[in-house]
Amino acid sequence: MTLPSINLLLQSILSGVFIGALYGLIGLGLGLTWGLLRQINLAHFGLVFVGAYLTYQMGEAWKIDPLFALLVLPPLFFVVGAGMQWVLSRFRISPFNSLLVTFGLTVMIESAVQGIWTADYRRLESHYNALKFTIGKLYVPVPELLTLVLALAVAFGVWAAMRYTDLGKAMRAMAEDGPIAAAYGVNARWLALLLAGGCAALAALAGVCLALTFTLAPSQIFAWVGVVFAAVMLGGLGSALGPLVAGVIIGVSEAVTMAVASPSWAPIVSFSLLIGMLLLRPGKAA
């Protein structure tokens, strides 16, 4: 094993921070749905990729600035997410049932994406791809920096909303004890629609960032599941800031592993961190 230069190591850490921010941004909506609605929404990954492909379509076919998608897609996805929750609320959904149902939805989304854009790899070519600047000897690509800034802004915004607004307090009360919250006038059904819609809007934001920085293929939808699940579980279900912090830790760990050892070792990192957390966290099963 050959140790990398300091410059390469620092560049790897910076790249890890950027990819970790995307892990956290994708995991934010998934974790809120899981922690507050008690639904494991695998379709969240499908929505992220639909958002990415729509951003690609707007940029490549319609010649619209990809960042315009940040204004257009979240409201549309909010309606879609609320609609999905409205349908699911017709049934008695447990976390395990939600996992199965949304897995089926994700397969349907993957098939639809493949039918529209084919299984070929797609790359959004925009003027943002070439934008970068240097800090010392480190290269800072603008699309990745935009992802980091957006992830920080959204995570802290959601955290503040959950902590300081009546709506956020009502959502936390609903998740803590639904019957008691209902007795105090909390409308759990409407809050669930708002929360599901909001999480779908977060998926749209993550999709735009994904399209700006990664090549797209329908088969990649499930490739993100493992590492984002690890970030959500490490960060805490229902936490606004936890998935971002955990995502950055995983991203940096993967990047350093690739630089020091081999890229083939990187996927092991996130699951090793998750297993270690499950073994060492306070209150684990004896």
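Residues numbered from 1 in each chain as written. Predicted model: local features only at pLDDT ≥ 70, side-chain atom pairs only at ≥ 80, totals over all residues. Heavy atoms only, no water.

### Focus on helix α9 (residues 225-235)
Move 1: In terms of burial, α9 is largely enclosed, as eight of its 11 residues are buried.
Move 2: Taken together, the buried residues of α9 touch α1 (6-37), α2 (43-60), α10 (242-260) and α11 (266-280). (Buried < 20%, exposed > 50% of the residue type's maximum accessible area, 1.4 Å probe, protein only. Helix = DSSP H or I, 4+ residues; strand = E, 2+ residues; numbered from the N terminus. Contact = heavy atoms within 4.5 Å.)

### Quick look at a nonpolar patch on the surface
Move 1: A contiguous nonpolar patch, built from Phe-78, Val-79, Leu-167 and Leu-194 and spanning about 330 Å² of accessible area, is present on the exposed surface.
Move 2: When you line up the elements, Phe-78 lands in helix α3 (residues 69-88).
Move 3: Relative accessible area serves as the criterion here: at 31%, Phe-78 is assigned to the partly exposed category. (Patch = residues over 30% accessible without salt bridge, like charges linked within 9 Å, V, L, I, M, F, W, Y side chains within 5 Å. Areas by Shrake-Rupley, 256 points an atom, 1.4 Å probe, with all protein chains shown as cover. Salt bridge = Lys/Arg side-chain N within 4 Å of Asp/Glu carboxyl O.)

### Let's talk about the packing of α1 against helix α8 (residues 188-213)
Move 1: At a minimum axis distance of 8 Å, the contact between α1 and α8 shows a crossing angle of 165°. When the interaxial angle is binned, α1 and α8 end up roughly antiparallel. Crossing geometry of α1 relative to α8 is assigned as left-handed. When α1 is examined against α8, the residues Leu-22, Leu-25, Ile-26, Leu-28, Gly-29, Leu-32, Thr-33, Leu-36 and Leu-37 are found in contact with a partner set consisting of Ala-192, Leu-195, Ala-196, Cys-199, Leu-202, Leu-205, Ala-206, Cys-209, Leu-210 and Thr-213. (Axes fitted to C-alpha atoms, helices over the stretch in contact; angles between N-to-C directions. Parallel < 35°, antiparallel > 145°, perpendicular 65-115°, else oblique. Left-handed = near helix turned anticlockwise from the far one by under 90°.)

### Structural notes on α10
Move 1: Across its 19 residues, α10 extends 27 Å between first and last C-alpha, which sits within 8% of the 27 Å expected from 1.5 Å per residue.
Move 2: In this structure, the buried side of α10 is in contact with α1, α5 (142-164), α9 and α11. (Expected span 1.5 Å × (residues − 1).)

### Considering the environment of Ile-40
Move 1: Checked against the element boundaries, Ile-40 lands in the loop between α1 and α2.
Move 2: On the basis of relative accessibility, which here comes to 10%, the residue Ile-40 falls in the buried class.
Move 3: Distance from Ile-40 to Val-80, taken between C-alpha atoms, is 17 Å for residues 40 residues apart in sequence.
Move 4: Excluding anything up to four places from it in sequence, Ile-40 contacts Trp-34, Pro-95, Ser-98, Leu-99, Thr-102 and Phe-229.

### Considering the state of the cysteines
Move 1: Applying the stated criterion to the full structure yields zero disulfides.
Move 2: Among the cysteines around Cys-199, which has no disulfide bond, Cys-209 carries the closest sulfur, lying 16 Å off.
Move 3: For Cys-209, a relative accessible area of 1% translates into the label buried. (Disulfide = S-S within 2.5 Å.)

### A closer look at empty space enclosed by the protein
Move 1: Counting across every chain of the model gives two cavities of 30 Å³ or more.
Move 2: Of the volumes computed, that of the largest cavity is approximately 110 Å³.
Move 3: Lining the largest cavity are Thr-33, Gln-39, Asn-41, His-44, Leu-47, Gly-81, Met-84, Gln-85, Leu-88, Ala-196, Cys-199 and Ala-200.
Move 4: Broken down by secondary-structure element, the contributors of at least two residues to the lining of the largest cavity are α2, α3 and α8.
Move 5: Considering each element in turn, the lining of the largest cavity owes the most residues, four residues, to α3.
Move 6: Each residue belonging to the lining of the largest cavity can be placed in one class, and the counts come to six nonpolar, six polar and no charged.
Move 7: The volume enclosed by the second largest cavity comes to roughly 30 Å³.
Move 8: Looking at the second largest cavity, the residues that line it are Gly-24, Leu-25, Leu-28, Ala-151, Ala-155, Ala-240, Pro-243 and Leu-244.
Move 9: Broken down by secondary-structure element, the contributors of at least two residues to the lining of the second largest cavity are α1, α5 and α10. (1 Å grid on protein atoms, 1.4 Å probe; cavity = no way out; pocket = protein on both sides within 12 Å on 5 of 7 lines; lining within 4 Å. Points joined across faces, edges and corners; volume = space filled by probe spheres on them. Nonpolar A, V, L, I, M, F, W, Y, C, P; charged D, E, K, R; others polar.)

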